[in-house]
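Take a look at the letters that make up each chain.
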Amino acid sequence: MSSEEKIRGFILENYLFTDDQSELNNDDSFLDQGILDSTGILEIIFFIEDEFGIKIKDDEMVPDNLDSVNRIVAFIEKKQQ
Amino acid sequence: MPRRPRSRPSENFMCGISGILNLGHGAAPSRGELEAMIHALRHRGPDGYGFFVDGPVGLAHARLSIIDLEGGDQPIHNEDGSVQVVFNGEIFNFLELREELEKQGHHFYTRSDTEVIVHLYEEYADDFVHHLVGQFAIALWDTRRQRLLLVRDRAGIRPLYYTLFQGRLYFASELKSLFTQPGMARELDPVALGEVFTFWCPLEPHSMFRDVQALPAGHCISVERGKLQLDRYWDWNFPREQIRNDRSVGEWAEQLRELMIDAVRLRLRSDVPVGAYLSGGLDSSIITSLIHNFTDTSLRTFSIGFEDEEFDESSFQKELVNYLDTDHTHVTCTRNDIGRIFPRVIWHTESTILRTAPAPLMLLSQHVRESGYKVVLTGEGADEVFGGYDIFKEAKIRRFCHRAPNSSLRPQILQRLYPYLKYSPASGGAFGKQFFQQGMEYIDTPFFAHVPRWSTTRRSWKFFSEELKGAVSGKVDFESICPLLPPDIDSWESLNRDQYVENHTLLSGYLLNSQGDRMAMANSIEGRFPFLDHRVMEFAAGIPPHYKIRVLNEKYLLKESMKGLIPESIRRRNKQPYRAPDSQSFFRDGKAIDWVRDLLSEAELRQAGYFNPVAVEKLLKKCATGRVIGFADNMAFVGILSTMLLDKMFVQGYSSDAFT
């Protein structure tokens with residue numbers, strides 16, 4: 001499974017509570033669309049660290065890195081290099 | 001201090017009421033029907049019933065009493081029997097009222113507080129209610145005018161519901177009493193569900209059920225010649241002209257202290273010994289300290305503790321117990337307890353709830369009963385009246401951030417807000433900031449403070465079935481609160497607007513109802529609320545907002561007024577709202593407990609029809625992992641579970657025993 005699929009799956013399962021792929025676009029802003037609240041962001045951070053074995057620093061916990069599927073994918077790629 | 005008459009015992013506590021009025025096209029009420037209705041309220045009044053049936057009207061009450069009434073089981077009436085009353089509640093200033101009424105020539109035949117009502121009505125007609133210091137749901141029948149009057153207290157402490165069915169008006173303290181009547185529809189109202197999953201309660205005058213209304217707090221209904229008239233006699237009111245800026249903190253504090261001493265003293269009047277709840281927080285500490293310092297009552301206190309550090313306040317409770325030297329009972333409530341008693345909790349709340357917090361209070365009231373007590377004083381209302389809630393502080397900060405939206409320093413104040421939570425919205429750094437900046441488009445609305453809470457709660461709508469979504473779509477949004485707001489609210493100070501909205505939603509609709517009255521009455525315990533003495537409420541409405549929340553110090557004036565009367569550590573303690581473990585209470589070893597698993601099965605969900613089984617299944621899975629669960633998911637889970645219980649017990653007609 002690609003990291004995109006893993007992330008999409010996690011969000012659909014745990015925040016949209018649906019199997020319907022069309023409910024989530026990779027560019028959707030989690031905050032603007034109300035997909036995640038602030039507690040949800042913390043859960044995503046745990047998930048990313050667990051699933052991809054990376055450590056996210058305090059100053060990296062910003063919307064630019066985490067606020068959509070595409071941004072997370074890009075962020076993970078950067079960290080894994 | 002004015003001289004008080006010597007305390008004399010009162011004779012009975014009426015704790016549950018019900019009645020039927022033929023509006024013209026229906027049948028006259030029968031004793032049998034009334035018996036069925038009042039029997040459903042026996043937990044409120046286990047010591048006996050009283051009935052009055054006369055032509056078109058039937059009244060009944062369930063009694064919690066200490067001394068046996070001579071002369072049978074009638075409701076209370078005036079000298080010639082032309083005015084009859086049943087009521088659930090307490091009139092704390094009845095001794096003073098009685099003295100006044102006797103001087104005016106009235107003759108009393110009992111020593112109850114109830115009897116002042118009929119004589120006051122003789123003097124002042126409907127205006128009698130303004131003379132009452134108390135908590136009450138009253139049904140009064142004026143035989144001469146053939147007129148029924150229903151009245152509910154100012155803050156909504158005692159419940160009262162009514163419905164029109166087959167040409168008659170039915171009313172009762174609880175919904176289960178109405179539902180004893182054959183043929184009466186029992187359907188959850190989708191609009192009420194949409195409202196609960198936004199505002200935490202159905203909006204006045206809705207109840208959870210179609211065609212049944214709740215009499216709103218501070219209102220009365222009169223019924224004459226088949227016509228109903230709803231009127232308001234009291235409301236929270238914060239016009240700017242009322243706020244007094246000419247007093248020092250010291251002067252305010254002294255007046256407040258005097259008022260609180262009186263409020264507490266009046267509520268200690270009882271034939272039976274009175275206890276008090278100790279949460280470990282400021283409010284109950286104040287009440288118990290006032291009892292300790294200003295009365296001769298020996299204190300009997302009760303408190304709840306939890307296994308989870310996040311919720312437990314035992315160390316603060318112990319501190320206060322030592323300081324007050326009380327005879328204390330501490331009850332530990334485990335997650336298992338909550339999981340086990342929850343169906344019975346909902347049987348009594350008769351409402352969808354979004355938190356498990358009421359459950360430990362039912363456990364507590366059971367211990368109070370077993371200890372031989374029937375009355376407790378408790379601290380609810382202080383946060384609403386004196387500006388104690390985080391939602392008020394949050395709103396203050398959000399308005400502060402709005403003044404300079406690009407400032408990066410301003411949001412750092414958010415970090416100060418939630419020291420008690422392990423996983424809070426404020427800990428998300430940049431995301432926390434964004435969370436609090438949401439809702440800025442509502443900055444000029446009177447419900448601005450509540451937008452974050454309502455938005456979070458509203459996330460539960462994704463669990464609604466297509467059917468339910470269709471039934472609520474377009475019918476419930478934030479603006480639904482607007483018709484409930486006074487026309488001049490926009491001119492009030494912002495904190496006062498926030499308080500008004502809070503008092504008309506969370507306070508009357510959830511806290512006093514589900515957490516207060518119902519959990520105590522489940523075990524025949526009468527709760528009394530000194531902070532909701534209307535003289536305290538009216539006094540506090542005139543306090544300048546910056547004395548309620550001074551910068552970020554909540555309940556500032558209240559704390560100032562109690563300096564020296566309570567331990568400094570408690571006076572200075574960070575606010576920790578009372579909470580209990582939520583979704584975790586329903587899972588063990590990674591699985592839902594039996595009755596939860598059965599009730600939330602796909603078959604049950606489909607049959608009930610309110611929720612989407614696929615979405616609920618995923619929520620169950622998420623909760624079962626034991627991972628961090630945020631506010632939204634917890635609320636959704638408890639809300640779904642309690643709604644399914646409501647459906648099972650009320651709509652489908654199962655008893656709460658079916659779950660144990």
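Conventions adopted
- Residues numbered from 1 in each chain as written.
- Chains lettered and ligands numbered in written order.
- Predicted model: local features only at pLDDT ≥ 70, side-chain atom pairs only at ≥ 80, totals over all residues.
- Heavy atoms only, no water.
- Helix = DSSP H or I, 4+ residues; strand = E, 2+ residues; numbered from the N terminus.
- Rg over C-alpha atoms; globule rule 2.2 N^0.38 Å.
- Contact = heavy atoms within 4.5 Å.
- Pairing = 2+ DSSP bridges.
- Axes fitted to C-alpha atoms, helices over the stretch in contact; angles between N-to-C directions.
- Parallel < 35°, antiparallel > 145°, perpendicular 65-115°, else oblique.
- Left-handed = near helix turned anticlockwise from the far one by under 90°.
- Nonpolar A, V, L, I, M, F, W, Y, C, P; charged D, E, K, R; others polar.
- Buried < 20%, exposed > 50% of the residue type's maximum accessible area, 1.4 Å probe, protein only.
- Lys, Arg positive; Asp, Glu negative; His and termini not counted.
- Salt bridge = Lys/Arg side-chain N within 4 Å of Asp/Glu carboxyl O.
- Phe/Tyr/Trp six-rings, centres within 6.5 Å; stacked < 30°, edge-to-face > 60°.
- 1 Å grid on protein atoms, 1.4 Å probe; cavity = no way out; pocket = protein on both sides within 12 Å on 5 of 7 lines; lining within 4 Å.
- Points joined across faces, edges and corners; volume = space filled by probe spheres on them.
- Right-handed = clockwise from strand over helix to strand, strands pointing away.
- Arc of directions from axis to C-beta.
- pLDDT = per-residue confidence, 0-100.

A. Focus on the overall build of chain B. The helix and strand inventory of chain B stands at 24 helices and 19 strands. For a compact globule of 660 residues, the expected C-alpha radius of gyration is about 26 Å, and chain B comes in at 24 Å, within 12% of that figure. On the principal axes, the C-alpha backbone points of chain B span a range of 75 × 60 × 50 Å. Across chain B, the fraction of contacts at a sequence separation of at least 24, relative to all contacts at a separation of at least 6, is 74%.

B. Summary view of the sheet that holds strand E11 (residues 219-224) of chain B. Residues and elements named next belong to chain B. Reading across from one edge, E4-E5-E6-E7-E11-E12 is the order of the six strands in this open sheet, with antiparallel pairing throughout. Looking at which strands have only one partner, the edges of the open sheet turn out to be strand E4 (76-77) and strand E12 (227-232). The pairing of strand E6 (residues 134-142) with strand E7 (residues 147-152) spans six bridges and is antiparallel. Following the sheet pairing, Leu140 is matched in E7 by Leu149.

C. Molecular detail of the sheet that holds strand E15 (residues 327-333) of chain B. Residue and element names in this part refer to chain B. Strands sit in the order E15-E14-E13-E16-E17 across an open sheet of five strands; the sheet is parallel. Each edge of the open sheet carries a strand with a single partner, namely E15 and strand E17 (526-528). Within the sheet, the average angular offset between the axes of one strand and its neighbour, ignoring direction, is 30 degrees. Pairing analysis gives three bridges linking strand E13 (residues 274-277) to strand E16 (residues 375-377), with the strands arranged parallel. Bridge pairing in E16 links Val274 to Val375. Running over the sheet, helix H10 (residues 358-370) touches E13, strand E14 (300-306), E15 and E16 and is turned about 145 degrees from E14.

D. Examining the packing of helix H2 (residues 94-103) of chain B against helix H3 (residues 115-124) of chain B more closely. Residue and element names in this part refer to chain B. Running from amino to carboxyl end, H2 crosses H3 at an angle of 45 degrees, the nearest separation of the two axes being 10 Å. Put simply, H2 runs oblique to H3. Note that H2 runs across H3; the crossing there is left-handed. Residues Phe94, Leu97, Arg98 and Leu101 of H2 form the contact with H3, whose participating residues are Val116, His119, Leu120 and Glu123. A per-class count over the contact of H2 with H3 returns five nonpolar, one polar and two charged.

E. How the structure looks around the side chain of Asp113(B). In this fold, Asp113(B) is placed in the loop between H2 and H3. Nearest to the buried, unbridged Asp113(B) among oppositely charged side chains is Arg528(B), at 6.5 Å.

F. Just the packing of aromatic side chains, in detail. One pass over the full model with this rule turns up 37 aromatic pairs over all chains. Taken together, the aromatic side chains of Phe197(B), Trp461(B), Phe464(B), Tyr610(B) and Phe611(B) make up a single cluster linked through ring pairs.

G. Expanded view of the pattern of salt bridges. Residues and elements named next belong to chain B. All chains considered together, the criterion is met by 54 salt bridges over all chains. With a closest N to O distance of 3.3 Å, Glu102 and Arg98 form a salt bridge. Taken as a pair, Glu102 and Arg98 lie in helix H2 at a separation of four residues, close to a single helical turn. With relative accessibility at 37%, the residue Glu102 sits in the partly exposed group. Taken together, the salt bridges that share partners define one network made up of Arg44, Glu90, Arg158, Glu174, Lys176, Glu350, Asp517 and Arg518.

H. The arrangement of empty space enclosed by the protein in detail. Residue and element names in this part refer to chain B. Per the stated rule, a full pass over the model turns up seven cavities of 30 Å³ or more. One number sums up the size of the second largest cavity: a volume of about 280 Å³. If you trace the second largest cavity, you find 23 residues lining it, with Pro202, His206, Ala214, Ser508 and Gly509 closest to the centre. Ranked by the residues each element gives to the lining of the second largest cavity, the list is headed by helix H16 (residues 494-521), at five residues. Looking at the lining of the second largest cavity, its residues break down into 12 nonpolar, eight polar and three charged.

I. Structural context of the pairing of E15(B). Residue and element names in this part refer to chain B. Where E14 and E15 come together, seven bridges link them in parallel fashion. In the sheet register, Gly305 faces E15, and the bridge partner there is Thr332. Each parallel crossover has a hand, and for E14 linked through helix H8 (residues 314-324) to E15 it is right-handed.

J. Molecular detail of H8(B). Residue and element names in this part refer to chain B. Taken residue by residue, H8 has Ser314, Gln317, Leu320, Val321 and Leu324 as its buried positions. Within H8, the buried residues cover an arc of 125 degrees as seen down the axis, which keeps them to one side. Opposite its buried face, H8 presents the exposed residues Lys318 and Asn322, each directed more than 90 degrees away. Looking at the buried residues of H8, the elements they touch are helix H7 (282-294), E14, E15 and helix H20 (568-571). Among the residues trailing H8, Asp325 stands out with phi positive, at a value near 55 degrees.

K. Local environment of the confidence of the model for chain A. Scored by pLDDT, chain A has a mean of 88; 98% of the residues are at 70 or more. Averaged over each element, pLDDT in chain A is lowest for helix H2 (residues 38-52) of chain A (80) and highest for helix H4 (residues 69-80) of chain A (95).

L. Region of interest: the packing of H7(B) against H8(B). Residue and element names in this part refer to chain B. It is at 11 Å that the axes of H7 and H8 come closest, and there the two elements cross at 10 degrees. As the angle between them shows, H7 and H8 are arranged roughly parallel. Contacts between H7 and H8 pair Ser285, Thr288, Ser289, His292 and Asn293 from the former with Leu320, Tyr323 and Leu324 from the latter. Per-class residue counts for the contact of H7 with H8 are three nonpolar, five polar and no charged.

M. The arrangement of helix H14 (residues 451-458) of chain B in detail. Of all eight residues that make up H14(B), six are buried, and the element is covered over most of its length. By the burial criterion, the buried members of H14(B) are Val451(B), Pro452(B), Arg453(B), Trp454(B), Thr456(B) and Thr457(B).

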